[in-house]
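Residue-level structure breakdown
Read off the chains here:
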Amino acid sequence: MSSIKQFQVTFDCAEPERVARFWCEVLGYVVPPPPEGFTTWDDFNRSLPPEDQGSWSVCQDPSGVGPRMYFQCVPEGKVAKNRVHLDVRAGTGLVGEERLAVLEAECARLVALGAVRVRLLRADGVNESCIAMQDVEGNEFCLD
């Protein structure tokens, strides 16, 4: 029996390419090369039936270590809190004011990319501080 070591994170969204570009910037990910036989993703997209054009996008860790991220267009909008969210680990190993300074600087960068700061969750003796945020389509994530 094998143990699965790789996984893909999938987002339902309204604008897959826009959300993929956001997460590429957040994580230092890249859009993979287009499928064989196509010079660009636009060329590939134009080869699809009209109803499938722009229906998904992908980004991946250029080192191949992190999970692939897949963004698929769905007709309904987001109506409730995510059941699963990403923790973007910007302050790993840092504590106190040093951690807060790093988190605030990264938060400012992400807000400039279109993220929304929701609230600062201060250290409580068990967990270190983190910042609750939303991506460009309102999906929750934590800057941790």
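About the thresholds
Residues numbered from 1 in each chain as written. Predicted model: local features only at pLDDT ≥ 70, side-chain atom pairs only at ≥ 80, totals over all residues. Heavy atoms only, no water. Helix = DSSP H or I, 4+ residues; strand = E, 2+ residues; numbered from the N terminus. Buried < 20%, exposed > 50% of the residue type's maximum accessible area, 1.4 Å probe, protein only. Contact = heavy atoms within 4.5 Å. Areas by Shrake-Rupley, 256 points an atom, 1.4 Å probe, with all protein chains shown as cover. Axes fitted to C-alpha atoms, helices over the stretch in contact; angles between N-to-C directions. Parallel < 35°, antiparallel > 145°, perpendicular 65-115°, else oblique. Left-handed = near helix turned anticlockwise from the far one by under 90°. Nonpolar A, V, L, I, M, F, W, Y, C, P; charged D, E, K, R; others polar. Pairing = 2+ DSSP bridges. Polar contact = N/O pair within 3.5 Å; in protein donor to acceptor, adjacent residues only side chain to side chain. Expected span 1.5 Å × (residues − 1). Arc of directions from axis to C-beta.

Check the secondary structure of the protein chain and you find 3 helices and 7 strands. Along the three orthogonal principal directions, the C-alpha set of the protein chain runs to about 55 × 35 × 30 Å. Counting across all 144 residues of the protein chain, residues that qualify as buried make up 33%. Within the protein chain, residue pairs in contact and separated by at least 24 positions form 58% of the contacts whose partners lie at least 6 positions apart. Only carbon and sulfur atoms are counted for the fraction: they give 53% of the accessible area of the protein chain, which is about 9200 Å².

Contact geometry of helix α1 (residues 16–27) with helix α3 (residues 96–112) gives a least axis separation of 10 Å together with a crossing angle of 155°. Classified by the angle their axes make, α1 and α3 are roughly antiparallel. The two elements α1 and α3 meet at a crossing, and its hand is right-handed. Within the contact between the two elements, α1 uses F22, E25 and V26 and α3 uses E106, R109 and L110. By residue class, the composition of the contact of α1 with α3 is 3 nonpolar, no polar and 3 charged.

Below, the discussion takes up the sheet that holds strand β6 (residues 130–134). Read across the open sheet, the 4 strands follow the order β4-β7-β6-β5; overall the sheet is mixed. The open sheet terminates on both sides in strands that have one partner only, identified here as β4 (86–88) and β5 (116–121). Recorded for the sheet is a direction-independent mean angle of 25° between the axes of neighbouring strands. Here β5 pairs with β6 via 5 bridges, running antiparallel. Residue pairing for β6: L121 is matched across the bridge by C130. Along the sheet, α1 contacts β4 and β7 (140–143); its crossing angle with β4, the most-contacted strand, is approximately 40°. Along the sheet, α3 makes contact with β5, β6 and β7, crossing β6 at roughly 10°.

Let's shift gears to the side chain of R99. When you line up the elements, R99 lands in helix α3. Under the relative-accessibility criterion, R99 is labelled buried at 4%. A polar contact is formed between the side chain of R99 and the backbone oxygen of G91, at a distance of 2.7 Å. Non-local contacts of R99, meaning those with residues more than four positions away in its chain, are made with G91, T92, L94, E128, S129 and D144.

Now for the sheet that holds strand β1 (residues 8–13). On the basis of which strands lie adjacent, the open sheet formed by 3 strands has the order β1-β3-β2 and mixed pairing. The strands lining the two open edges of the sheet, one partner per strand, are β1 and β2 (56–59). Here the strands of the sheet are splayed against their neighbours by 20° on average, with no regard to which way each runs. Here β2 pairs with strand β3 (residues 68–73) via 4 bridges, running antiparallel. Counted as the bridge partner of W56 is Q72 from β3. In this fold α1 packs onto β1, β2 and β3, with an angle of close to 155° to the strand it touches most, β3.

End to end, α3 covers 25 Å across 17 residues, agreeing with the expected 24 Å (1.5 Å per residue, within 8%). Every buried residue of α3 is listed here: R99, L100, L103, E106, C107 and L110. Buried residues in α3, looked at end-on, bunch into an arc of 135°, giving them a common side. In α3, the exposed residues that point more than 90 degrees away from the buried face are E97, E98, A105 and A112. At its buried positions, α3 is contacted by α1, β5, β6 and β7. Phi for G114, located one or two positions after α3, is positive at around 115°.

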